[in-house]
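# Structural description and commentary
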Amino acid sequence: MQTANRAFHQMFGVAREAMQNISLDSLAEGTLDLARVRTQLQKMIADGSEFQAFELEHNVSGAGPRTLVIDARPLSFSGHSRPMIILSFHDVTMRKQAEAAHARLSAIVQSSDDAILSKDLDGIITSWNQGAERIFGYTSDETIGQLVAILIPDDRADEGRSILERVRRGDRINDYETVRRHKDGSLIEISLTVSPIIDEHGAIIGASKIARDITQRKRAEEALRAADRAKDEFLAMLGHELRNPLGALASAVRILDLKKRSPRHVAQARAVIDRQIERLSHLVDDLVDASRLTSAKMRLSRRPLDLNYAVKETIEVVRTRGLLDRHQLTFDGSPIWIDADEARIEQIVTNLIGNALKFTPPGGAITVSLRIEGQHALLAVKDTGVGIPADVLPTIFDLFVQSERSLDRSQGGLGIGLTLVRRLVELHGGTVHAASDGAGMGSTFTVRLPTIPAPIAKARNQVSVAPAECKPRRVLVVEDNDDLREMLGILLTQDGHEVHMANDGPSGLQAALTFRPDIALVDLGLPGFDGYALARSIRAHDEGEQIYLVALTGYGQPEDRLRSTEAGFDELVVKPLDVNQLALIAQRAKR
């Protein structure tokens, strides 16, 4: 090496006076791979080939790794016979770092799920990432050079112009929620952030935009708002449905208290009390079943079932309750076997018929039909009632959804029955469908359930056996609700039983050991200690082994029944109890 300029001295950290007659290898201290340089230089000297510039990595003392571009040209001076070569070393480290940073940024932009694009101050799109292609449907070839207005709905054109004006003023727009248009014409809910693009001179030359698709979020928010509205409407309906029977019960009780009352009025009041208690019980059962279904706690007890027989029996129960007195109901079916929980199938049929009765004016007709279609049983309940509006049909099976199809709401309901029908049908592997031609045109609900081959039938015992007479029992009632405890005591006493009562766990245990009842009716939610603990304590004594323990509860979930059995109860009964249940309990008690 003969000579070098100042930049070379600075790059390699070598003084000028040390440059005479030393090799480039010694200057690079082995960190610069010069084999390729020598090869090209030798070829250039030998045959005049052009030197091909290339990059090399070099660890510069005090500056760290650098990227150098090496180039060479032949150099000749008059009077010099030996060929000379001029080598240039161009430090491109900063450029390479900038290119790498740009590549990383480009990869981030391209891989983003958000749409990232830029436009100039005339609204012409200048860049377009893959996220924008996914969200808006256009490729970069289709958009770059086009006006950004292709994304803006016609009714929001002023919005696009306003955003550009704000960008020209240097404003930044953050999380602006609006609507943009997809390539297929559909509208997309987006959150938009817009920032001015500023050049090296500080001038605003365009805008960068980040658009996030918030369509799903907006739908979720609307679903939450709809659920909140449905909840409020449900609570209002619940208040209405509870106040009506409570009002009727209060009036019936007042009639029974009248000094001047006719036997007919007493009979009517008692009938009202029976009906309203049944109605309240039905409301509570619906609420409990809805909760169990939504929490996936519903369990089926399935067995081969003749669906035709189950439907006929359910219709007869509805008929004996007097619910069909003002309507005409016909049934057409034949034996069809399914694998099902009989109690739940009866619940499905009862709810569908009840729904038809609710929305069919007196004198209307209800048709229940059952037939086979392929491998499925089709149960259809058709009415001539007020029909279902088209906008309600898609949501008719949703929880707490109820079409206001009668202004007086005299039939009531919480909007739970059809939800129960759908969930119970689906648990059986079937589907349910609602159809109506509109207001005043009636409606049809069709249940489709998978069939099974008819089993070898055993004769079903359909003969009702009248309850046998039961001798008087010693009965302990442990209940903390004063009214319920007193009423149970009166009913049991009137049936000839000897009754002792307690209002908490400790007094209940003392009574069980001293009174020694045949039967103990025990509320599970007792003060002192609960009914489970009371049952275990009773069973721990020899005197308690022969007592027939009955748990009283307002819950009755499968886990409640299991827990009561584990505690030592013989059976669990869901409140309210009626006279027939008390009679059956007395019969089942040990002699």
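Scroll up to find the structure this text is about.
Residues numbered from 1 in each chain as written. Predicted model: local features only at pLDDT ≥ 70, side-chain atom pairs only at ≥ 80, totals over all residues. Heavy atoms only, no water.

Scanning the protein chain for helices and strands turns up 17 helices and 20 strands. Within the protein chain, the proportion of its 591 residues that are buried is 38%. Put simply, of all contacts in the protein chain between residues at least 6 apart along the chain, 57% involve residues at least 24 apart. (Helix = DSSP H or I, 4+ residues; strand = E, 2+ residues; numbered from the N terminus. Buried < 20%, exposed > 50% of the residue type's maximum accessible area, 1.4 Å probe, protein only. Contact = heavy atoms within 4.5 Å.)

This part takes up the sheet that holds strand β13 (residues 376-383). Strand order in the open sheet formed by five strands is β10-β12-β13-β15-β14, and the pairing between neighbours is mixed. What marks the edges here is a single partner per strand, and that holds for β10 (328-332) and β14 (431-435). Neighbouring strand axes in the sheet, compared pairwise and without regard to direction, differ in orientation by 15° on average. Its contacts with the sheet put helix α11 (residues 342-358) on β10, β12 (365-373), β13 and β15 (443-450), and the angle it makes with β15 is roughly 170°. (Pairing = 2+ DSSP bridges. Axes fitted to C-alpha atoms, helices over the stretch in contact; angles between N-to-C directions.)

Let us now look at the packing of α11 against helix α12 (residues 417-427). With their axes 9 Å apart at the nearest point, α11 and α12 run at an angle of 145° to one another. As α11 runs across α12, the sense of the crossing is left-handed. Mapping the contact onto sequence places R344, Q347, I348, N351, L352 and N355 in α11 and G417, L418, L420, V421, L424 and V425 in α12. For the contact of α11 with α12, the per-class residue count stands at seven nonpolar, four polar and one charged. (Left-handed = near helix turned anticlockwise from the far one by under 90°. Nonpolar A, V, L, I, M, F, W, Y, C, P; charged D, E, K, R; others polar.)

Let us look at the pattern of salt bridges. By the definition in use, this model includes 29 salt bridges. Between R166 and D171 there is a salt bridge, and its shortest N-O distance comes to 3.9 Å. R166 sits in the partly exposed class, given a relative accessible area of 30%. Exposure remark for D171: the relative accessible area of 25% places this residue in the partly exposed category. Because the salt bridges share partners, they merge into one network encompassing E177, R217, K218 and E221. (Salt bridge = Lys/Arg side-chain N within 4 Å of Asp/Glu carboxyl O.)

Moving on: the sheet that holds strand β4 (residues 115-120). Strand order in the open sheet made by the five strands is β5-β4-β8-β7-β6, with antiparallel pairing throughout. What marks the edges here is a single partner per strand, and that holds for β5 (125-128) and β6 (173-181). The average angle at which neighbouring strand axes cross in this sheet is 30°, direction not considered. Pairing of β4 with strand β8 (residues 204-213) involves six bridges; the strand directions are antiparallel. Looking at the pairing, S118 lines up with S208 of β8. Contacts from helix α7 (residues 157-168) reach β4, β6, β7 (187-198) and β8 within the one sheet, and its direction differs from that of β6 by about 150°.

Let's shift gears to the environment of A583. Tracing the sequence through the fold places A583 in helix α17 (residues 579-588). Given the relative accessible area of 32%, A583 is considered partly exposed. When the C-alpha atoms of A583 and D495 are compared, they prove to be 8.5 Å apart, with 88 residues separating the residues in sequence.

Moving on, we get to unusual backbone geometry. Non-glycine residue D175 carries a positive phi angle of around 50°. Considering the arrangement of structural elements, one finds D175 in strand β6. In this structure, R516 takes a positive phi of about 50° despite not being glycine.

Here helix α14 (residues 505-515) has its buried residues at G505, G508, L509, A511, A512 and F515. Angularly, the buried residues of α14 cover 165° about the axis, an arc narrow enough to put them on a single face. Along α14, the residues that are exposed and aim more than 90 degrees away from the buried face are Q510 and T514. In the core, the buried residues of α14 are packed alongside β16 (474-478), β17 (498-502) and α15 (531-539). Among the residues trailing α14, R516 stands out with phi positive, at a value near 50°. (Arc of directions from axis to C-beta.)

Further remarks concern the side chain of T193. Along the polypeptide, T193 turns up in strand β7. Here T193 is in contact with R172, I173, N174, D175, S208, K209 and I210, once residues within four sequence places are set aside.

Direction vectors running N to C along helix α10 (residues 307-320) and α11 enclose 50°, while the axes themselves pass 9 Å from each other. Here α10 is positioned oblique relative to α11, judged by the angle of their axes. Pair α10 / α11 crosses with right-handed handedness. Contact with α10, carried on its side by L307, A310, V311, T314, I315 and V318, involves I345, E346, V349, T350, I353 and L357 of α11 and no other residues of that element. Here the contact of α10 with α11 is composed, by residue class, of nine nonpolar, two polar and one charged. (Parallel < 35°, antiparallel > 145°, perpendicular 65-115°, else oblique.)

For the rest of this paragraph, the subject is the packing of aromatic side chains. Overall, the coordinates contain three aromatic pairs when judged by the stated rule. Ring geometry for F51 versus F54: centroids 6.1 Å apart, planes at 25°, classification stacked. Per residue, the accessibility class of F51 equals that of F54, and both read buried. Ring centres 5.9 Å apart and planes at 90° place the aromatic pair F397 and F445 in the edge-to-face group. Taken together, the positions of F397 in the loop between β13 and α12 and F445 in strand β15 put the pair 48 residues apart, joining distant regions of the chain. The same class applies to F397 and to F445, which are both buried. Positioned over the ring face of F515 is R474, at 4.3 Å from the centre of the ring. Across from the ring centre of Y532, 3.9 Å away, lies the NZ or CZ of R563, which sits over that ring. (Phe/Tyr/Trp six-rings, centres within 6.5 Å; stacked < 30°, edge-to-face > 60°. Lys NZ or Arg CZ within 6 Å of the ring centre and 35° of its normal.)

A general trend in soluble globular proteins is that nonpolar side chains are found buried together. Grouped together as the largest cluster of nonpolar side chains are 37 residues, with contacts concentrated most on I338, I345, I348, L352, I353, V368 and V447. Where this core is concerned, the elements lending two or more residues are α10, β11 (337-340), α11, β12, β13, α12, β14 and β15. Looking at this core element by element, the count peaks at seven residues for α11. If we skip the residues at most four places from it in the chain, I353 touches I315, V318, L329 and V368. F515, L534, A551 and A567 belong to the second largest nonpolar core, which has 21 residues in total. (Core = buried A, V, L, I, M, F, W, Y, C linked by side-chain atoms within 4.5 Å.)

Attention now moves to the side chain of T178. Structurally, the position occupied by T178 is in strand β6. Here E159 takes part through its side chain, which lies 2.7 Å from a polar atom of the side chain of T178. T178 has contacts with R156, E159, I188, E189 and I190, leaving out every residue within four places of it along the chain. (Polar contact = N/O pair within 3.5 Å; in protein donor to acceptor, adjacent residues only side chain to side chain.)

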